[in-house]
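A closer look at the structure
Letter by letter, the chains look like this.
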Amino acid sequence: KVLQLTLAVIKPDAVAHPLILEALHEKILENNFIIVRRKDLVWKKEQSETFYAEHSGRFFYQRLVEFMSSGPMRAYVLARDDAIHHWREMMGPTKVFRARHTSPDTIRGQFGLTDTRNTTHGSDSVESAHKEIKFFFPDFCIDRWMNEDEPSFRA
Ligand code: DAT
Ligand code: MG
């Protein structure tokens, strides 16, 4: 088993609801993730635009950017084996109709409001995890954490 880091974000719709926020935090712990870093923050609109630049031009871009800068979020750096895939499995499909009907036990299936207000973000590859962890936690050094801070965890 190889230790992996991912970036998980609880989006403004879910942070606004204390019971959902608490349930998601519990779910993270129940699924054997180690919480490496955690931060509550609010994005300025420009940060939202930069983070989602790959979607600029899509019909939902403005809606997405405004939603993601509409209120507090909670970001986590999470570690476990297969962290990226595992967190995405827990989140479920992007679109709420699909999530509700095909994966009702996922986070989005349970708590998603709309295709945009869909409770959580998760990195989708090793490259995006590294990029997104840097974006949210500029002072966090991935290599150092992996190689020096927690060497025994890789055994
Ligand atoms: P994911 O968040 O599952 O990785 P994505 O990267 O394709 O999905 O899109 C990023 C976010 O953009 C997504 O969480 C919500 C919003 N979004 C995506 N597709 C959408 C759509 N068809 N309608 C409205 N919002 C959408
Ligand atoms: Mg994505």
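Keep in mind it's a predicted model, so treat the numbers as computed, not measured.

This chain's UniProt record puts "active site" (unreviewed entry) on His121. Considering the arrangement of structural elements, one finds His121 in strand S4 (residues 120-122). When sequence neighbours within four positions are dropped, the list of residues in contact with His121 reads Ala8, Val9 and Lys11.

On to unusual backbone geometry. Unusually for a residue other than glycine, Asn32 sits at a positive phi of about 60°. Not every positive phi belongs to a glycine, and Thr119 is a case in point at roughly 70°. Following the sequence through the fold, Thr119 ends up in the loop between helix H7 (107-111) and S4. By C-beta crowding, Thr119 is classed as buried, having 27 other C-beta atoms within 10 Å.

The subject of this paragraph is the site of ligand 1. All residues adjacent to ligand 1 are His55, Phe60, Leu64, Thr94, Asp115, Thr116, Asn118, His121 and Asp124. In terms of residue class, the shell around ligand 1 is made up of two nonpolar, five polar and two charged.

Let's shift gears to the sheet that holds strand S2 (residues 34-41). As summarised here, the arrangement of the four strands in space is S2-S3-S1-S4, forming an open sheet in which the pairing is antiparallel. The outermost strands of the open sheet, each flanked by one partner alone, are S2 and S4. On average, each strand axis in the sheet is inclined to that of its neighbour by 20°, with strand direction left out of account. The pairing of strand S1 (residues 3-10) with S4 spans three bridges and is antiparallel. Counterpart to Val9 in the pairing with S4 is His121. The sheet strands contacting helix H2 (residues 18-30) are S1, S2 and strand S3 (73-81), and the helix crosses S3 at an angle near 15°.

Rules and cut-offs
Residues numbered from 1 in each chain as written. Chains lettered and ligands numbered in written order. Predicted model: local features only at pLDDT ≥ 70, side-chain atom pairs only at ≥ 80, totals over all residues. UniProt positions renumbered as here; feature names shortened; annotations may be inferred. Helix = DSSP H or I, 4+ residues; strand = E, 2+ residues; numbered from the N terminus. Contact = placed C-beta atoms within 7 Å. Buried ≥ 20, exposed ≤ 12 C-beta atoms within 10 Å, placed from the backbone. Near = placed C-beta within 6 Å. Nonpolar A, V, L, I, M, F, W, Y, C, P; charged D, E, K, R; others polar. Pairing = 2+ DSSP bridges. Axes fitted to C-alpha atoms, helices over the stretch in contact; angles between N-to-C directions.

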